Amino acid sequence: RYSLASLLHLKVSPVTFSCNLSVWDSDEPVPRAELLKGVAGAHGLLCLLSDKIDAEVLDAAGPNLKVISTLSVGFDHLAIDEIKKRGIRVGYTPDVLTDATAELTVALLLTTCRRLPEGVEEVKNGGWSTWKPLWLCSYGLSGSTVGVIGLGRIGLAIARRLKPFGVKRLLYTGRQPKPQAQEVDGEYVPLDTLVRESDFVVVSCSLTPDTQGLCDKTFFSKMKKTSVFINTSRGAVVNQEDLFGALSSGQIAAAGLDVTTPEPLPTDHPLLSLKNCVVLPHIGSATYSTRGVMSELTANNLLAGLTGSEMPSELKL
Ligand code: NDP
Ligand code: DGY
């Protein structure tokens, strides 16, 4: 359902103005053809991470378009070079989802390393016969080395939450050392060292040409056989065929993914056949309050862009 041109009155202090609002009134992604049609002549575009905003969409929008506001902190779905070339401003949602995403990452890590889905399944299917000394044993955080790839807002928030579990060493990698790493006694190391020495590898970097496919066969071959891999950044950072190989051959112990390629992951995907792989449907920021604040921020970014004023969270292009 695409309700074009319903009229919304927007109050922007100190002036009140109105604008035509076209809404894709569904939780399902707007079909590409509808987006291309609906965006024509728009001054602003509010989009989701599932909407690929490339030259084709920008051309379809035409020269009126002056602001794009995305309901996400990740902006790999936006063709930034094209957007910049056209002088369009971009709003996004950093910070407000950091806590929720870090919390989900810790939950996924514990779920994966302590084999919770397998345990729950065994209770339901009658596999739980009695208490057995080595049954469903796994790897814990206490005394471990954790490696964080991308100690940004979310990476640091993950590290802060993991430290109290008794993590012994916190390694991180990125484009440069971070002063804020001191707070978690973070050691800046080359990627190779992080991968070889970590018991838990947590990916929380942004998806860029440099990080696309970063976690591949070579990467997994350097990990310890007892180590656990967690990704809550973007699916494309991982080569999933190589991950499947590493998990099914016992090259690594387990993996937890909140993000995949594609999304949704087809239900017959090989990764879903593995007991040592936990896959979640991209729910890092999915708490009611976080999604509420994200929505408000996204709307306010859009309004500020439309009125030519300062955005609460503008992406510096
Ligand atoms: P930040 O920009 O604060 O952090 C991104 C980090 O990625 C930075 O520390 C950056 O390091 C690092 N990075 C960039 N390039 C590389 C590289 N080549 N190698 C290693 N690290 C690199 O963003 P946020 O922490 O707010 O968000 C991070 C990402 O998390 C988002 O881009 C999004 O994709 C994902 N996300 C996923 C969610 C989910 O639901 N699963 C929810 C929210 C976000 P440096 O500063 O050194 O460049
Ligand atoms: C983002 O914001 O980039 C997440 O993937 C969804 O909240």
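- If you look the protein up in an unreviewed UniProt entry, it shows as Glyoxylate reductase/hydroxypyruvate reductase from Cyprinus carpio carpio.

## With respect to unusual backbone geometry
Stage number 1. Geometrically, the link from Thr261 to Pro262 is a cis peptide bond, its omega value of -5 degrees lying close to zero.
Stage number 2. Position of Pro262 relative to the elements: it lies in the loop between strand 11 (254-257) and strand 12 (277-279).
Stage number 3. The step from Glu263 to Pro264 runs through a cis peptide bond, and the omega angle for that step is 0 degrees.
Stage number 4. The residue Pro264 is located in the loop between strand 11 and strand 12 in this model.
Stage number 5. In the Ramachandran plot, Asp95 falls in the positive-phi region, its phi being about 70 degrees despite a non-glycine side chain.
Stage number 6. Among the structural elements, Asp95 can be located in the loop between strand 5 (89-91) and helix 4 (98-113).

## Focus on the side chain of Glu122
Stage number 1. Within the secondary structure layout, Glu122 lies in helix 5 (residues 116-125).
Stage number 2. Despite its burial, Glu122 pairs with no opposite charge; the closest candidate is Lys275, at 4.7 Å N-O.

## A closer look at the sheet that holds strand 12
Stage number 1. Here seven strands make up an open sheet; going across it, the order is 8-7-6-9-10-11-12 and the pairing parallel. The open sheet is flanked by strand 8 (186-188) and strand 12, the only strands paired with a single partner. The mean angle between the axes of side-by-side strands here comes to 15 degrees, regardless of whether they run parallel or antiparallel.
Stage number 2. Bridge count for strand 10 (residues 228-231) against strand 11 is four bridges, and the pairing is parallel. By the bridge assignment for strand 11, Ile230 is matched with Gly256.

## Things to note about the UniProt feature "domain: D-isomer specific 2-hydroxyacid dehydrogenase catalytic" (unreviewed entry) in the protein
Stage number 1. Per the UniProt record, the feature "domain: D-isomer specific 2-hydroxyacid dehydrogenase catalytic" (unreviewed entry) sits at residues 20-314.
Stage number 2. Counting secondary structure, residues 20-314 comes out at 33% helix and 15% strand; the distance between its end C-alpha atoms is 23 Å.

## Quick look at the UniProt feature "domain: D-isomer specific 2-hydroxyacid dehydrogenase NAD-binding" (unreviewed entry) in the protein
Stage number 1. Mapped onto this numbering, the UniProt entry annotates "domain: D-isomer specific 2-hydroxyacid dehydrogenase NAD-binding" (unreviewed entry) at residues 106-284.
Stage number 2. Annotated as residues 106-284, this span is 28% helix and 16% strand, and its ends, taken at the C-alpha atoms, are 10 Å apart.

## What to know about the site of ligand 2
Stage number 1. Around ligand 2 sit Leu49, Ser72, Val73, Gly74, Leu97, Arg234, His282, Ser285 and Met294, and those are all the residues in its vicinity.
Stage number 2. The backbone of Val73 places a nitrogen or oxygen atom 2.7 Å from an oxygen atom of ligand 2.
Stage number 3. Relative to its unbound accessible area of 230 Å², ligand 2 is 90% covered by the protein chains.

## Brief notes about the sheet that holds strand 5
Stage number 1. Taken in spatial order, the three strands make up an open sheet running 3-4-5, and their pairing is parallel. In this open sheet, the two strands that pair with only one neighbour each are strand 3 (44-47) and strand 5. Pairwise comparison of adjacent strand axes, ignoring direction, gives a mean angle of 15 degrees for this sheet.
Stage number 2. Note that strand 4 (residues 67-70) and strand 5 share three bridges and pair parallel. Along strand 5, the bridge assignment pairs Ile68 with Val90.
Stage number 3. Running over the sheet, helix 10 (residues 288-307) touches strand 3, strand 4 and strand 5 and is turned about 175 degrees from strand 4.

## Quick look at the site of ligand 1
Stage number 1. Around ligand 1, 26 residues are found, and the nearest of them are Arg153, Ile154, Arg175, Lys178 and Asp258.
Stage number 2. In this structure, an oxygen atom belonging to ligand 1 sits 2.9 Å away from a main-chain N or O atom of Arg153.
Stage number 3. One of the backbone nitrogen or oxygen atoms of Ser206 is found 3.2 Å away from an oxygen atom of ligand 1.
Stage number 4. Protein burial of ligand 1: of its 920 Å² of free accessible surface, 89% is covered by the chains.
Stage number 5. Residues that form the shell around ligand 1 fall into these classes: six nonpolar, 14 polar and six charged.

## As for helix 6 (residues 153-162)
Because an α-helix packs 3.6 residues into every turn, residues spaced three or four apart end up facing the same way.
Stage number 1. Across the 10 residues that make up helix 6, a large majority, seven, are buried.
Stage number 2. Buried residues along helix 6 sit in contact with helix 4, strand 6 (145-149), strand 7 (169-173) and strand 9 (200-203).

## What about the packing of aromatic side chains?
Stage number 1. Overall, the coordinates contain five aromatic pairs when judged by the stated rule.
Stage number 2. Here Phe75 and Tyr92 contribute two aromatic rings whose centre-to-centre distance is 6.1 Å and whose plane-to-plane angle is 80 degrees, an arrangement assigned as edge-to-face. Of the two residues, Phe75 sits in the loop between strand 4 and helix 3 (80-85) while Tyr92 sits in the loop between strand 5 and helix 4, which places them 17 residues apart along the sequence.
Stage number 3. According to the relative accessible area criterion, Phe75 is partly exposed, its value standing at 32%.
Stage number 4. The exposure class assigned to Tyr92 is buried, which follows from its relative accessible area of 10%.
Stage number 5. Note on Phe219 and Phe229: the rings are 6.0 Å apart at their centroids and 85 degrees apart in plane angle, and the pair reads as edge-to-face. Taken as a pair, Phe219 in helix 8 (residues 217-222) and Phe229 in strand 10 lie far apart in primary sequence, 10 residues in all.
Stage number 6. Taking the relative accessible area as the measure of exposure, Phe219 reaches 4% and is therefore buried.
Stage number 7. Taking relative accessible area as the criterion, Phe229 reaches 0% and is therefore assigned buried.
Stage number 8. An aromatic cluster is defined as three or more aromatic residues linked by ring pairs; in this entry it consists of Phe219, Phe220 and Phe229.
Stage number 9. Looking at Lys132, its charged tip hangs above the ring of Trp135, at a distance of 4.8 Å from the centre.

Reading the values: rules and limits
- Residues numbered from 1 in each chain as written.
- Chains lettered and ligands numbered in written order.
- Predicted model: local features only at pLDDT ≥ 70, side-chain atom pairs only at ≥ 80, totals over all residues.
- Heavy atoms only, no water.
- Helix = DSSP H or I, 4+ residues; strand = E, 2+ residues; numbered from the N terminus.
- Buried < 20%, exposed > 50% of the residue type's maximum accessible area, 1.4 Å probe, protein only.
- Lys, Arg positive; Asp, Glu negative; His and termini not counted.
- Salt bridge = Lys/Arg side-chain N within 4 Å of Asp/Glu carboxyl O.
- Pairing = 2+ DSSP bridges.
- Axes fitted to C-alpha atoms, helices over the stretch in contact; angles between N-to-C directions.
- UniProt positions renumbered as here; feature names shortened; annotations may be inferred.
- Near = heavy atom within 4 Å.
- Polar contact = N/O pair within 3.5 Å; in protein donor to acceptor, adjacent residues only side chain to side chain.
- Areas by Shrake-Rupley, 256 points an atom, 1.4 Å probe, with all protein chains shown as cover.
- Contact = heavy atoms within 4.5 Å.
- Nonpolar A, V, L, I, M, F, W, Y, C, P; charged D, E, K, R; others polar.
- Phe/Tyr/Trp six-rings, centres within 6.5 Å; stacked < 30°, edge-to-face > 60°.
- Lys NZ or Arg CZ within 6 Å of the ring centre and 35° of its normal.

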